[in-house]
Structures are given as C-alpha cells and as structure tokens.
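Chain residues, written in single-letter form:
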Amino acid sequence: MNDPNGMVYHNGTYHLFFQHNPDSTVWGPMHWGHATSQDLVHWEEQPIALYPDSLGTIFSGSAVVDKDNTAGFGNDALVAIFTHHNHAIEQEKTGLHQYQSLAYSTDEGKTWTKYEGNPVLPNPGIWDFRDPKVMWHEGSGKWVMTLATKQSITFYGSPNLKDWTRLSEFGESIGAHGGVWECPDLISFDDQGKKIWVLIVNLNPGAPNGGSGGQYFVGDFDGTTFRPYDTDIRWLDFGRDNYAGVTWSNTGERRIFIGWMNNWDYANVVPTNPWRSATTLPRELGVEKVNGKWYLIAQPVAELSAITTAMRDLAKVDGGEDVSLKTTVGKLPETYRLDFTYPADSDFKITLKNDTGEWVAFGYVAAERQFFIDRTQSGDVSFSDKFASRDSAPRISGEPVIRASLWVDVASIEVFADNGLTAMTTTFFPTQVYDDIVLQGQSGAAFADVNLYRISR
C-alpha cells in the first residue's frame, strides 16, 4: 500500500481507502484498497473498492458525502473523486495521461459504480494532474477541488461534482519545490469565529531530511483563491516516514489526519514480508499561534486511549547518568507510549535498544534548538544507502519546558513534542524488538512527569 485515499466518515463508520497493489509487495497497477473502523483504532479490511479499467489505473483522490444529491446519485451517496492514470497514453508523451473521474456508492461504501461520463475533468495538457481533494465550500455554495498540478495547486469549482471550472492557481515561487507536488488538502479551523485555512501539500523529493514529505501553508480562502499569511516553509513532520497524508471528510469540526508511513527513497525495498507499508497513527490536527504566526499541531486521536493503559508513573528521573527503564520497570512491551517533560535549556537523549546492540535515539540539542532521531544503528539498514540517517527538527515552541510523547511500535516511532508543534515519524527494522529505554539527561536537569503506558490491541 501507499497513499491513503478517499477517507470519509459516514453513519458511524470511518472509511479508509488506500493506493494498493494486490498482486505484489512493490508498487504496481494501482487499485483502491478499503478498510473500515468505528473507532479509528480497530480496522477491518474490506473488498477492493476500485479496480483499474479501460481509462487507466486508480490513482489517489478523495470521497465526500453528497448530502443534497448535487450529483444525482442519490441523497447521502458516497462519491469518490480520483485520478485515472492511463499508462498507454503516458507512453505517447503528450501529458494527457491523467484525468479526474467519479465513482459512487449508495450502500454505505460496500460497492462502487464508476460514473459513465468519466472523466469529469479532462487533462488540459499538464503532465502531473492528479490527487483531487474535494470539499463543500459553504461560503460560495459549491464543491471545491484542490488538485496537484506539477509544482503548484490548481483549484476547481463545481455545483454537482461533474462539471468543473478552473478557479485559481497557487504555488509559483512559494514553498518547497524540490520535487513534484502531490496529495494536497485544504482544511479550515475556527479561531473565535474567524476561519484559518491550511493548505497541505505533499512533495517528493524535497523533504527537509530527504525524500518524501509534507509541507503546509496557512492563510485565507474565499472560495476561489488561497492567499497565505506568509511564505515561510512549514513541515507537517520532520521524520522520514510520513507522506501523502490527508484528512477525513465529513467529520464536523474535527480534522483527522493519517499518512503513509514510508518514503519513496526506499519504499519498494524495506525488509518486510509478506506485507509492505503501513499508515501512521490517526492524528487530530489543530492550529496554534507562536510568535504571531500560525502553525499546525498534531496529536494522536483521543480514541487511542481505549488501548492505552498506564504501566508506571516514574514522576522524576534525574539527569547526569543513564537510567534504564528495563531495570526500573522490567522488560517493556512490544508497543508502548512514553510521556515526559524536560527543561528546554538542557540536552537529553532517549534511546530505544535491544540486547544485540541495535538502537534508535530521540533527543534534543539545546544550543541548536533541534530535536533529532538517530537510526544509524537501528538494525537492518543494508537495503538502501538512504536509510541509515540522523534526522533533525527545529523546536518551534518557546516554552521553557519541553513536553514530549513517544509512541513506539516494533518498527516505528511517532514523536509529538510541545503539544504536537513538532512531529517526527520514523521507521526502523531491528533484528530483535527494542525492550529497553534509556533516559540520559544533563547533570542538574531532570525528566519529570515520566509516564509509561502499554498499548494493546
């Protein structure tokens, strides 16, 4: 699997579609896989929703609930808007091989029918013309499509999901342009009655630590044009393994995000079998103003508390010497969460390790105001010369105390620092599970509010 697609909430069920090759563990003819959940935690895989057809394979896209039957498929029909990618036309080098199409479901997403009038948005001659994310814009009374077009975003509008008119374009000379722009998303947040709009744009390559990553812009959107408040480059995640993430549709005021936990630098060769790739934890997004500028914040969704059980409250761990939690609390579970606070004027390092000498470290360098994740000695790094890395992330918050939450699985760590102002998602492949955590701080400083949680199924 790769990109999450078509995420929509309807009648108590979260639908997650995803780019999927059912016949191989490497990228190939794209289908839309499908999984459903009532709680964002426990998922059941469903039959493949969309198969390739004469118009092409099924690339990324989105899904909406058409409450008022604007498209004519029925009230509350689920409508998927996706990119058809025609590989035969691609060989002709005309740039006309990607176009946008519809499919609809009138049985709660169990089965899907492709619209006979596809494509609904033909390609005007743009080589990369894909990944439509559609929403209803209440202020202008129309559907708005946010579409990736080479290294820019083009907005289209429609009254009925079938007839689309070009509205505006965004991105020239703004943001990061190290690679093609992909998988965009336009979402809004309420700030005392004012809408704060955030445009998410994934790109590959060009991420701050290499390969695939996601940037975002904060500004205004009037139903036609997106205008950023500033042209600063902001990143969703500074780890190496959070790409193509977008949000669920039809979730009210909540903005729930999930990403693909991999990187195209090595996605086809990571040493897993018989599966390949996963998603991040679902995350609740918000906005926070720091030094007069707006930033996205991300936290694991509250629903995860149902599988999170307190193991030990260590309260305080003094710095100046290494403290092994395995010695203190015993062998750690395979999947756990560690929360702590630490003074922002001192260095620290949290090392996940096993008995073979393999380790991954998350830490902070106070003089540089930089977090880092080091996976150079994490286990199997032989499959790609781009995998063994020490990746850094700036500290955005100016608070005197760092608050961090580490969510650890057998092959990944997801870090949320300072209320989620800084996030880092990283995979690793040890030969044995990391069953110990070592806390190392500076003399005179201390880890406080140290809490360890077991994550179960």
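Refer to the preceding data block for the structure.
Residues numbered from 1 in each chain as written. Predicted model: local features only at pLDDT ≥ 70, side-chain atom pairs only at ≥ 80, totals over all residues. Heavy atoms only, no water.

Visitor: Summarise the overall build of the protein chain; cite the residues concerned and give the values.
Guide: Scanning the protein chain for helices and strands turns up two helices and 33 strands. For the protein chain, the C-alpha radius of gyration of 22 Å lies close to 23 Å, the compact-globule estimate for 457 residues. Overall size of the protein chain, expressed as C-alpha extent along the three principal axes, is 65 × 50 × 40 Å. Contacts spanning at least 24 positions in sequence make up 58% of the contacts within the protein chain whose residues lie at least 6 apart. (Helix = DSSP H or I, 4+ residues; strand = E, 2+ residues; numbered from the N terminus. Rg over C-alpha atoms; globule rule 2.2 N^0.38 Å. Contact = heavy atoms within 4.5 Å.)

Visitor: Give a description of the pairing of strand β20 (residues 283-290) that names residues and reports values.
Guide: Of the pairings in the sheet, the one linking strand β19 (residues 256-260) to β20 comprises two bridges and is antiparallel in character. Bridged to Ile256 within β20 is Glu284. One ladder, built from eight bridges, connects β20 with strand β21 (residues 293-300); its direction is antiparallel. Bridge pairing in β21 links Glu284 to Gln299. Joining the antiparallel neighbours β20 and β21 is a turn of two residues, in which Asn291 adopts a positive phi near 50 degrees. (Pairing = 2+ DSSP bridges.)

Visitor: Could you give me a rundown of the nonpolar core, with the residues and numbers involved?
Guide: Counting residues in hydrophobic clusters, the biggest one holds 54 residues, and the most contacted among them are Phe340, Phe362, Leu406 and Ile437. In this structure Ile437 touches Val323, Ser324, Leu325, Lys326, Leu332, Tyr336, Leu338, Ile350, Thr351, Leu352 and Leu452, once residues within four positions along its chain are discounted. Counting 19 residues, the second largest nonpolar core, distinct from the first, contains Leu16, Phe18, Ile256 and Ala423. (Core = buried A, V, L, I, M, F, W, Y, C linked by side-chain atoms within 4.5 Å. Buried < 20%, exposed > 50% of the residue type's maximum accessible area, 1.4 Å probe, protein only.)

Visitor: For the packing of aromatic side chains, give the residues involved together with the corresponding values.
Guide: Evaluated as defined, the whole model comprises 33 aromatic pairs. Ring geometry for Phe73 against Tyr104: centres 4.0 Å apart, planes inclined by 5 degrees, an arrangement best described as stacked. Remark: Tyr104 occurs in strand β7 (residues 98-105) and Phe73 occurs in the loop between β5 (57-66) and β6 (77-85); sequence separation between them is 31 residues. Exposure remark for Phe73: the relative accessible area of 13% places this residue in the buried category. (Phe/Tyr/Trp six-rings, centres within 6.5 Å; stacked < 30°, edge-to-face > 60°.)

Visitor: Give me the lowdown on the sheet that holds strand β12 (residues 165-170), citing residues and values where you can.
Guide: Read from one edge of the open sheet, four strands run β9-β10-β11-β12, paired in antiparallel fashion. Of all the strands in the sheet, just β9 (129-137) and β12 have a single pairing partner and so form its edges. Within this sheet the neighbouring strands show an average axis-to-axis angle of 25 degrees, counted without direction. The sheet contact formed by strand β10 (residues 142-149) and strand β11 (residues 152-158) spans seven bridges and is antiparallel. For Thr149, the partnering residue across the bridge sits in β11 and is Ser152. (Axes fitted to C-alpha atoms, helices over the stretch in contact; angles between N-to-C directions.)

Visitor: Got a sec to walk through the sheet that holds β5? Specific residues and values, please.
Guide: Sheet architecture is open: four strands sit in the order β5-β6-β7-β8, paired in antiparallel fashion. Of all strands in the sheet, those with a lone pairing partner are β5 and β8 (113-114), marking the two edges. Here eight bridges tie β5 to β6, and the two strands are oriented antiparallel to one another. Opposite Gly61, over in β6, you have Phe82 as the bridge partner.

Visitor: Hey, could you go over the environment of Gly95 for me, with residue numbers and the actual values?
Guide: Tracing the chain through its elements places Gly95 in the loop between α1 (87-90) and β7. Here Gly95 falls in the buried class, since its relative accessible area comes to 4%. Through-space distance from the C-alpha of Gly95 to that of Ile174 is 24 Å; in sequence the pair is 79 residues apart. Ignoring any residue separated from it by four or fewer positions in sequence, one finds Gly95 in contact with Asn123, Gly125, Ile126 and Trp127.

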